[in-house]
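The chain contents come next:
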Amino acid sequence: MATTTSRETSDIKMMRRDTLGTLGLGTVLDVFRNGRLPADPAELVSSVFGPAGDRGALVISGASGIVGAGKMMQLGARLEPFGVPIVGLDMPGAPDGISRQYPGLVRAFGKDGADRILGNMVRLTYDGKSLPDQLKPLRPKFLLEAIPEILEIKRAHYEMFRASYPDIQIRSVTSGFPASQLGVGIAHPAFPHEINKVFEVVEDEPSDVTKLFWALGLVPVPVSDDWSFVLDVLFCGITLAAVRYHRMTNTPVWKIDKYVRKHIGPNPVRAHDAIGAKGATFLTWSCLHHLAGEYGPLFEPTPEFVQHKDSGQDWYPPNHFRPVVDFPFDDDDEAEFLDWILGPLVQMTSLMLKEERAHLGLMNAMGELCAQFRRGILAMIRDLGTTRAIATVERYHKHHPEAAKGDSWYPAALERISDPEWQQLYVNAEHDGKVGVVTISRESYNGDVDAELNRAIDWLKAEKIDRVILTSDFHLSTQMVGADTNEFFPALDSEEEGARIAGDWSRTARRLDAEFAVSVGFVPGKRCLGGYLELMTHCHYLVTLDDTSLGFPEVTLPVVPGMEGCHWPFRKTNADGWMKLLQLLLTGRPVSGANATGWLVDFAGPMEEALEVAWSIASGSDHRIAKRELVREIVPCVTDAMPELPPAGSPATQGARAAIVATVRDACSVNLADSLDVQTRHAAGFLRSDLCRKGRVGDERSRTLI
């Protein structure tokens, strides 16, 4: 097994268990103390596939299907630089899903790169009973199985490979069968398969395969060996809830999707048609069928599911259009609808909690990262509180008494809401007695992250830690894309609500400057944008990678940056830096960490060097990085000189530029103590403007809520 960490971490105290440790990769604090990432891709490729120059192949069976073809591209692109042959195996006459991936490869890697990746792939056919002779010289080391969800066929498939290659490692992409039924480990990928990096993994201990996935930039999520794991309980569960409501009320599925989207996020019924109704409905039916056999009527597929599974027909009628007159639910109808949808979801979650299917942060994230929930199911239940959550399920049982039968309702599991793991779903803190690390696992900043960040700071202060690093979690959050624009919807109608969001979030960010002797923002991912960049600039130091993309895209939405981006960075640089900051704010175009050094960033470099610098600053070692002092008095003349800008291109962009310039001017024209109110007022006022309401945020609200 490849080496992944260099020392034990028993001296580290955590607010709650981190998620990186679930992969056997230690803690984030150890990443900084060791000055390197905990898993090296080259070492792990050698461990799984053999040494350089003598590497065996990755085989993906069912490679022409939607899952197999997607993983051929995703894994093939990552393993080609290491010289790992990629074999796509399928039946003769299978639809050519691989060739359909070529345009996406060209967009991502250019034509030469796409041709190189495909040139490393070998496509073979077989009869399902014996393996082709051409496979033997490629020496398969790892099989990722993506054949149909029929248990007997899968088991025979594994035996066929093991007979020829006794030492081969095997993982199934199954969406429902546990490893105990299959006899192999699980690597269940989330849809869409070409771009979604999340895999639910089932194995006794974190393996080199799982660590390799992480080292290649994928997102493995350890789950327990229970039917349908986590993702498909949530996604199949919400689909079943929608279809059951359709059956009981005869409400059209498009209208049900509309209200599910409004309250939770996805269009579960429409998603089946978009994926391909025949295959998607069968997979959902299969998961529900086996869950019902294990746990009872809560999961029982409706007759409509059986009908659509057998016929393969779409759920939405052909050439479907919504009627011109759409009578909305009244308040009572909508409340009852929520009981029908949230009730079974809460009940299913109680089952997963009782079985301890995953770290709670991971369980919560699966809904957001994979099932299109705007907020994870545990975050929603946390907002409801134990009493209201239980009452929701009880009301659902009155509508559907059968759901109360079987072994699937554990209200006592919801009493864990007060546990640190449930209170800190997105933000964790750890320390070694001297230096603290705060990690954020959500890629977009929202009210949940803000509240949890405050609790993490409170915890570190109570632990008497006054030196801190703020960063992503090196696991779920591979980038920091800015504020969650869903949070802005109420502010489009209420300036008071806009001021609350901008003011509260900015006061949280200011704690990084005011309440620690040293704070270091560290950005290890490919981008840090908008609200997250504003948050990070409140740290005394900002360290990034050379190629990290940094920017303020708010002008393109359009909104005015609300977490003090219109004055805080200006207070930490000079007139030359002001011009560059204005360029960022007024164009929305990003800049690399290397090119932002000295006026936005304090250090940028390769990963190991950046980790070492961040740790040296935080721990008080000799780092030789000059601190850019924050000017707390008036910063005059910031907007007297303006950079050359490309044409705005639209009245909305032109109006946003004018609003941002006015905010910069006014917020810099007062001292730091008064600037928060100035920027908050500008940001909230623009959210109420017609330009914003008719822009992207307004469009998103219309599609989501109206």
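Residues numbered from 1 in each chain as written. Predicted model: local features only at pLDDT ≥ 70, side-chain atom pairs only at ≥ 80, totals over all residues. Heavy atoms only, no water.

1. Brief notes about the packing of helix H8 (residues 231-249) against helix H9 (residues 253-263)
Working step 1: H9 packs onto H8 with a crossing angle of 135 degrees between their chain directions and a minimal axis gap of 10 Å. In terms of orientation, H8 and H9 fall into the oblique class. By crossing handedness, the relation of H8 to H9 is classed as right-handed. When H8 is examined against H9, the residues Ile-238, Ala-242, Tyr-245 and His-246 are found in contact with a partner set consisting of Val-253, Ile-256 and Val-260.
Working step 2: Of the residues that constitute the contact of H8 with H9, the class distribution is 6 nonpolar, 1 polar and no charged. (Axes fitted to C-alpha atoms, helices over the stretch in contact; angles between N-to-C directions. Helix = DSSP H or I, 4+ residues; strand = E, 2+ residues; numbered from the N terminus. Parallel < 35°, antiparallel > 145°, perpendicular 65-115°, else oblique. Left-handed = near helix turned anticlockwise from the far one by under 90°. Contact = heavy atoms within 4.5 Å. Nonpolar A, V, L, I, M, F, W, Y, C, P; charged D, E, K, R; others polar.)

2. Concerning the packing of aromatic side chains
Working step 1: Evaluated as defined, the whole model comprises 19 aromatic pairs.
Working step 2: Aromatic pair Phe-32 and Phe-522: ring centres 5.1 Å apart, planes at 80 degrees, arrangement edge-to-face. Of the two residues, Phe-32 sits in helix H1 (residues 28-34) while Phe-522 sits in strand E15 (residues 518-523), which places them 490 residues apart along the sequence.
Working step 3: Judged by centre distance (6.5 Å) and plane angle (15 degrees), the ring pair of Phe-474 and Phe-522 falls under stacked. Remark: Phe-522 occurs in strand E15 and Phe-474 occurs in the loop between strand E13 (467-472) and strand E14 (482-483); sequence separation between them is 48 residues.
Working step 4: Judged by relative accessible area, Phe-522 falls into the buried class, the value being 0%.
Working step 5: Here the aromatic cluster, defined as three or more aromatic residues joined through ring pairs, consists of Tyr-245, Tyr-259, Phe-329, Phe-337, Trp-340 and Tyr-396. (Phe/Tyr/Trp six-rings, centres within 6.5 Å; stacked < 30°, edge-to-face > 60°. Buried < 20%, exposed > 50% of the residue type's maximum accessible area, 1.4 Å probe, protein only.)

3. What about the pattern of salt bridges?
Side chains bearing opposite charge may pair, as long as their charged atoms lie close to each other.
Working step 1: Summed over the entire model, instances satisfying the criterion amount to 38 salt bridges.
Working step 2: Arg-701 is the partner of Asp-493 in a salt bridge, and the nearest nitrogen-oxygen pair spans 2.6 Å. Here Asp-493 is found in the loop between E14 and helix H18 (495-514), whereas its partner Arg-701 is found in helix H25 (residues 696-705), with 208 residues between them in sequence.
Working step 3: Residue classification places Asp-493 among the partly exposed positions, given a relative accessible area of 46%.
Working step 4: Salt bridges here are not isolated pairs; linked through shared partners, they connect Arg-375, Arg-382, Asp-383, Asp-448 and Glu-452. (Salt bridge = Lys/Arg side-chain N within 4 Å of Asp/Glu carboxyl O.)

4. Digging into the packing of helix H17 (residues 447-462) against H18
Working step 1: For the pair H17 and H18, the least separation of the axes is 10 Å and the interaxial angle reads 30 degrees. When the axes of H17 and H18 are compared, the pair comes out roughly parallel. The chirality of how H17 crosses H18 is left-handed. Residues Gly-447, Asp-450, Leu-453, Asn-454, Ile-457 and Asp-458 of H17 form the contact with H18, whose own contacting residues are Asp-504, Trp-505, Thr-508, Arg-511 and Leu-512.
Working step 2: Along the lines of polarity and charge, the residues of the contact of H17 with H18 split into 4 nonpolar, 3 polar and 4 charged.

5. As for the pairing of E15
Working step 1: Counting buried positions along E15 gives 6 out of 6 residues, so the element sits mostly inside the fold.
Working step 2: Burial along E15 is two-sided: Val-518, Val-520 and Phe-522 facing one way and Ser-519, Gly-521 and Val-523 facing the other are all buried.
Working step 3: When E13 meets E15, the two strands line up parallel, connected through 4 bridges. Directly across from Leu-470, in E15, lies its bridge partner Gly-521.
Working step 4: In this sheet, strand E17 (residues 541-545) lies alongside E15 in parallel orientation, the contact comprising 4 bridges. Opposite Val-520, over in E17, you have Tyr-541 as the bridge partner. (Pairing = 2+ DSSP bridges.)

6. A few points about the pairing of strand E3 (residues 86-90)
Working step 1: Counting buried positions along E3 gives 5 out of 5 residues, so the element sits mostly inside the fold.
Working step 2: Residue alternation in E3 divides its side chains into two sets, Ile-86, Gly-88 and Asp-90 and Val-87 and Leu-89, and both sets are buried.
Working step 3: Here strand E2 (residues 57-61) pairs with E3 via 4 bridges, running parallel. Bridge assignment links Ile-60 to a residue of E3, and that residue is Gly-88.
Working step 4: Note on the crossover from E2 through helix H3 (residues 66-79) to E3: the handedness is right-handed. (Right-handed = clockwise from strand over helix to strand, strands pointing away.)

7. A word on the sheet that holds strand E7 (residues 185-189)
Working step 1: Taken in spatial order, the 8 strands make up an open sheet running E4-E3-E2-E5-E6-E7-E8-E9, and their pairing is mixed. Whereas interior strands pair on both sides, the edge strands pair on one side only; in this sheet they are strand E4 (121-125) and strand E9 (219-222). Here the average twist between neighbouring strands, direction ignored, is 25 degrees.
Working step 2: By the bridge criterion, 5 bridges tie E3 to E4 in an arrangement that is parallel. Across the sheet, the residue bridging to Leu-89 is Leu-124, located in E4.
Working step 3: This element, H3, spans E2, E3, E4, strand E5 (140-145), E7 and strand E8 (198-202) of the sheet and lies at about 165 degrees to E2.
Working step 4: Its contacts with the sheet place helix H7 (residues 208-215) against E5, strand E6 (169-172), E7, E8 and E9, and it is angled at close to 140 degrees to E9.

8. Concerning the confidence of the model for the protein chain
Working step 1: The pLDDT averaged across the protein chain works out to 95; a share of 97% of its residues lies at or above 70.
Working step 2: Low pLDDT, under 50, characterises residues 1-9; the stretch is placed with 29 contacts to residues that sit more than four places away or in other chains. (pLDDT = per-residue confidence, 0-100.)

9. Details of helix H13 (residues 331-355)
Since one α-helical turn is 3.6 residues long, residues separated by three or four positions face the same way.
Working step 1: A rise of 1.5 Å per residue sets the reference length of H13, with its 25 residues, at 36 Å; its end C-alpha atoms lie 36 Å apart and thus fit the reference within 8%.
Working step 2: At Leu-342, H13 is bent by approximately 30 degrees, the largest bend along its length, and proline Pro-344 sits one to four residues beyond.
Working step 3: Capping the start of H13, Asp-330 holds a side-chain oxygen 3.1 Å from the backbone nitrogen of Asp-332, two or three residues further along. (Expected span 1.5 Å × (residues − 1). Bend = angle between axes of the 7 residues up to and from the residue. Polar contact = N/O pair within 3.5 Å; in protein donor to acceptor, adjacent residues only side chain to side chain.)

10. Some words on the domain arrangement of the protein chain
Working step 1: For the protein chain, the assigned domains are domain 1 (39-222), domain 2 (231-421) and domain 3 (426-704).
Working step 2: One C-alpha centre belongs to domain 2, the other to domain 3, and the line joining them spans 36 Å.
Working step 3: Counting from both sides, the interface comprises 14 residues of domain 2 and, opposite them, 12 residues of domain 3.
Working step 4: Interface area for domain 2 against domain 3, summed over the two sides, is near 920 Å², with a carbon-plus-sulfur share of 43%.
Working step 5: It is Leu-362, Arg-374 and Arg-382 that lose the most area in domain 2 upon contact with domain 3, and together they represent 44% of the buried surface on that side.
Working step 6: In this structure, the connection of domain 2 to domain 3 is made through 4 salt bridges.
Working step 7: The interface formed by domain 2 and domain 3 includes 8 residue pairs in polar contact (both at pLDDT 80 or more).
Working step 8: Sorting the residues of the side of domain 2 that touches domain 3 by element identifies H9, helix H14 (360-370) and helix H15 (377-399) as the ones contributing at least two each.
Working step 9: Tallied by class, residues from the side of domain 2 that touches domain 3 come to 4 nonpolar, 3 polar and 7 charged. (Domains from an automatic or database assignment. Buried area = accessible area lost by both parts, 1.4 Å probe.)

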